[in-house]
Amino acid sequence: MFGKRVRELREQQGLTQRELARRLGVSTSYVNKVENGKLHSGDYPSEKFIHKLATELNADEQELLLLAEKVPEGIRRRIQERPEAFRELASLSDQQLDSVLRGISRKRQRQ
């Protein structure tokens, strides 16, 4: 999912793999491997690389981190502060979680 999203974002910006690679200071083949999910575990993008990628692609860094199976620092800190809350959220069905999110959204709109 990460690679597919990177490709979508790159294409939305009208960039070639070569141009994106140049801006990021990596090889074109590396960008190609990222987009096609062909990286070996030691080659997987670091958080620093994902930050640069998000900046170049005008993308949501937290979305890219999560798609790369990395937990953003702010979320990781919050999970550590309230693990029981996150365990409860993780146990909800999609329908229940959607209901919780709608409630939060309504509450924020009233503020």
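The following refers to the structure shown. For clarity, every value in this text was computed on a predicted model and none was experimentally measured. (Residues numbered from 1 in each chain as written. Predicted model: local features only at pLDDT ≥ 70, side-chain atom pairs only at ≥ 80, totals over all residues. Heavy atoms only, no water.)

1. Regarding the side chain of Arg 10
Phase 1: Along the chain, the position of Arg 10 falls in helix H1 (residues 2–12).
Phase 2: A relative accessible area of 8% means that Arg 10 is categorised as buried.
Phase 3: If near-sequence neighbours (up to four positions away) are discounted, Arg 10 is found in contact with Leu 15, Thr 16, Gln 17, Leu 20, Glu 35 and Leu 57. (Helix = DSSP H or I, 4+ residues; strand = E, 2+ residues; numbered from the N terminus. Buried < 20%, exposed > 50% of the residue type's maximum accessible area, 1.4 Å probe, protein only. Contact = heavy atoms within 4.5 Å.)

2. Things to note about a positive patch on the surface
Phase 1: Side chains of Arg 102, Arg 106, Lys 107 and Arg 110 sit close together on the surface and give a patch of like positive charge.
Phase 2: Here Lys 107 lies in helix H8 (residues 94–110). (Patch = residues over 30% accessible without salt bridge, like charges linked within 9 Å, V, L, I, M, F, W, Y side chains within 5 Å. Areas by Shrake-Rupley, 256 points an atom, 1.4 Å probe, with all protein chains shown as cover. Salt bridge = Lys/Arg side-chain N within 4 Å of Asp/Glu carboxyl O. Lys, Arg positive; Asp, Glu negative; His and termini not counted. Charge placed at Lys NZ, Arg CZ, Asp CG, Glu CD.)

3. Regarding the packing of aromatic side chains
Phase 1: This structure, assessed with the given rule, holds 2 aromatic pairs.
Phase 2: A ring pair is formed by Phe 2 and Tyr 44, whose centres lie 6.3 Å apart and whose planes are at 45 degrees; its orientation type is tilted. Pair noted here: Phe 2 is in helix H1 and Tyr 44 is in the loop between helix H3 (28–35) and helix H4 (47–57), with a separation of 42 residues, a long-range link.
Phase 3: Seen from their ring centres, Tyr 30 and Phe 49 are 5.4 Å apart, and the 90 degrees between their planes marks the pair as edge-to-face. Here Tyr 30, found in helix H3, pairs with Phe 49, found in helix H4; they are 19 residues apart in sequence, far enough to count as distant. Each member of the pair, Tyr 30 as well as Phe 49, carries the same accessibility label: buried. (Phe/Tyr/Trp six-rings, centres within 6.5 Å; stacked < 30°, edge-to-face > 60°.)

4. A few points about a nonpolar patch on the surface
Phase 1: Side chains of Leu 89, Val 100, Leu 101 and Ile 104 sit close together on the surface and give an oily, nonpolar patch of about 290 Å² of accessible area.
Phase 2: A total of 3 residues in the nonpolar patch trace back to one element, the largest contributor, which is H8.
Phase 3: With respect to the element layout, Ile 104 can be found in helix H8.
Phase 4: Owing to a relative accessible area of 37%, Ile 104 belongs among the partly exposed residues under this scheme.

5. Looking at the pattern of salt bridges
Phase 1: Applying the stated criterion to the full structure yields 13 salt bridges.
Phase 2: Two residues, Arg 23 and Glu 56, come together in a salt bridge whose shortest N-O distance is 3.6 Å. You can see Arg 23 sitting in helix H2 (residues 17–24) and its partner Glu 56 sitting in helix H4, a full 33 residues away along the chain.
Phase 3: What makes Glu 56 partly exposed here is its relative accessible area of 27%.
Phase 4: The network of salt bridges with shared partners includes Arg 7, Arg 10, Glu 11 and Glu 35.

Purely geometric numbers; function is a separate question.
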